[in-house]
Amino acid sequence: MILDTNALSAFADGEAGVGEVLRRQARAAIPVIVLGEFRYGIAQSKHRPAYEAWLEAQLPDFDVLTVTEETAVAYAALRIALKRSGRPIPANDAWIAALALQHRLPVLSRDEHFDVVPGLERESW
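(A) Representation of the overall build of the protein chain in the model. Across its full length, the protein chain holds 6 helices and 5 strands. Ordered by position from N to C terminus, the α and β elements of the protein chain give β-α-α-β-α-α-β-α-α-β-β. In terms of C-alpha radius of gyration, the protein chain reaches 14 Å, essentially the compact-globule figure of 14 Å for 125 residues. Viewed in the frame of its principal axes, the protein chain has a C-alpha envelope of about 45 × 30 × 25 Å. For the protein chain, with 125 residues in total, the buried portion stands at 39%. Within the protein chain, residue pairs in contact and separated by at least 24 positions form 63% of the contacts whose partners lie at least 6 positions apart. Surface exposure of the protein chain reaches about 6,800 Å², of which carbon and sulfur atoms provide 51%. Between the averaged position of the 13 positive side-chain charges in the protein chain and that of its 17 negative side-chain charges there is a distance of 4 Å.

The structure is reproduced here in structure tokens:
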């Protein structure tokens, strides 16, 4: 399962539902895009030291998915398909979706716009 930024943030904030979903997964991954968004958010947080310590402790338990040429091809095809269908999604979420499709993993997110991505499974908590 791939965590979207809102899922990673909820997990960091101790939302039990995220932990319950993750315990049922064989694999938990964080796209490098999500890691960047999360680090951007905590850099502005008044709780920055606590979030940075949490991330340092938790990150080894996740696979960090990087963008490759294969991801870029999937990303471009996905953005074109969604644009043509009249249902584009934010660019960072298209990268996350492309990684999820590439690795054949569902996305844990509360963002319903992932539901318009053909072949992508989204789970919430």
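(B) The arrangement of the packing of helix α5 (residues 69-84) against helix α6 (residues 91-103) in detail. Contact geometry for α5 and α6: axes closest at 8 Å, N-to-C directions at 120°. Comparing the axis directions of α5 and α6 gives the class oblique. Helix-helix and strand crossings are classified by hand; for α5 and α6 the assignment is right-handed. Across the interface between the two elements, E70, T71, A72, A74, Y75, L78 and R79 of α5 pack against A91, A94, W95, A97, A98, L99 and Q102 of α6. Residues that form the contact of α5 with α6 fall into these classes: 10 nonpolar, 2 polar and 2 charged.

(C) Seen up close, the packing of aromatic side chains. Enumeration according to the criterion identifies 5 aromatic pairs in this entry. Ring centres 6.1 Å apart and planes at 55° place the aromatic pair F38 and W54 in the tilted group. Taken together, the residues span a long stretch of sequence, with F38 in helix α3 (residues 32-43) and W54 in helix α4 (residues 48-58) at a distance of 16 residues. When its relative accessible area of 18% is taken as the criterion, W54 is described as buried.

(D) Looking closely at a nonpolar patch on the surface. Among the surface-exposed residues, V32, V64 and V67 lie close enough to one another that they form a single nonpolar patch of about 190 Å² accessible area. Tracing the backbone shows V64 in strand β3 (residues 63-65). V64 sits in the partly exposed class, given a relative accessible area of 37%.

(E) Representation of the environment of L99. Here L99 lies in helix α6. Discounting residues that sit within four places of it in the chain, L99 has contacts with I2, P31, I33, L65, T66, V67 and T71.

(F) Fine view of the nonpolar core. I2 and L108 are the most contacted members of the largest nonpolar core, which has 39 residues in total. No other element matches α6, which puts 6 residues into this core.

(G) Molecular detail of the pattern of salt bridges. With the rule as written, the count across this model stands at 5 salt bridges. For E15, the salt bridge goes to R110, with nearest N and O atoms at 3.8 Å. Within this pair, whereas E15 is found in the loop between α1 (5-12) and α2 (16-23), its partner R110 is found in the loop between β4 (107-108) and β5 (122-123), the two being separated by 95 residues in sequence. Since its relative accessible area comes to 34%, E15 is described here as partly exposed. Its salt-bridge partner being R122, residue D115 comes within 2.8 Å of it at the nearest N-O pair. Looking at D115, the relative accessible area reads 45%, which means it is partly exposed.

Conventions we followed
Residues numbered from 1 in each chain as written. Predicted model: local features only at pLDDT ≥ 70, side-chain atom pairs only at ≥ 80, totals over all residues. Heavy atoms only, no water. Helix = DSSP H or I, 4+ residues; strand = E, 2+ residues; numbered from the N terminus. Rg over C-alpha atoms; globule rule 2.2 N^0.38 Å. Buried < 20%, exposed > 50% of the residue type's maximum accessible area, 1.4 Å probe, protein only. Contact = heavy atoms within 4.5 Å. Areas by Shrake-Rupley, 256 points an atom, 1.4 Å probe, with all protein chains shown as cover. Lys, Arg positive; Asp, Glu negative; His and termini not counted. Charge placed at Lys NZ, Arg CZ, Asp CG, Glu CD. Axes fitted to C-alpha atoms, helices over the stretch in contact; angles between N-to-C directions. Parallel < 35°, antiparallel > 145°, perpendicular 65-115°, else oblique. Left-handed = near helix turned anticlockwise from the far one by under 90°. Nonpolar A, V, L, I, M, F, W, Y, C, P; charged D, E, K, R; others polar. Phe/Tyr/Trp six-rings, centres within 6.5 Å; stacked < 30°, edge-to-face > 60°. Patch = residues over 30% accessible without salt bridge, like charges linked within 9 Å, V, L, I, M, F, W, Y side chains within 5 Å. Salt bridge = Lys/Arg side-chain N within 4 Å of Asp/Glu carboxyl O. Core = buried A, V, L, I, M, F, W, Y, C linked by side-chain atoms within 4.5 Å.

Keep in mind these values describe shape, not function.
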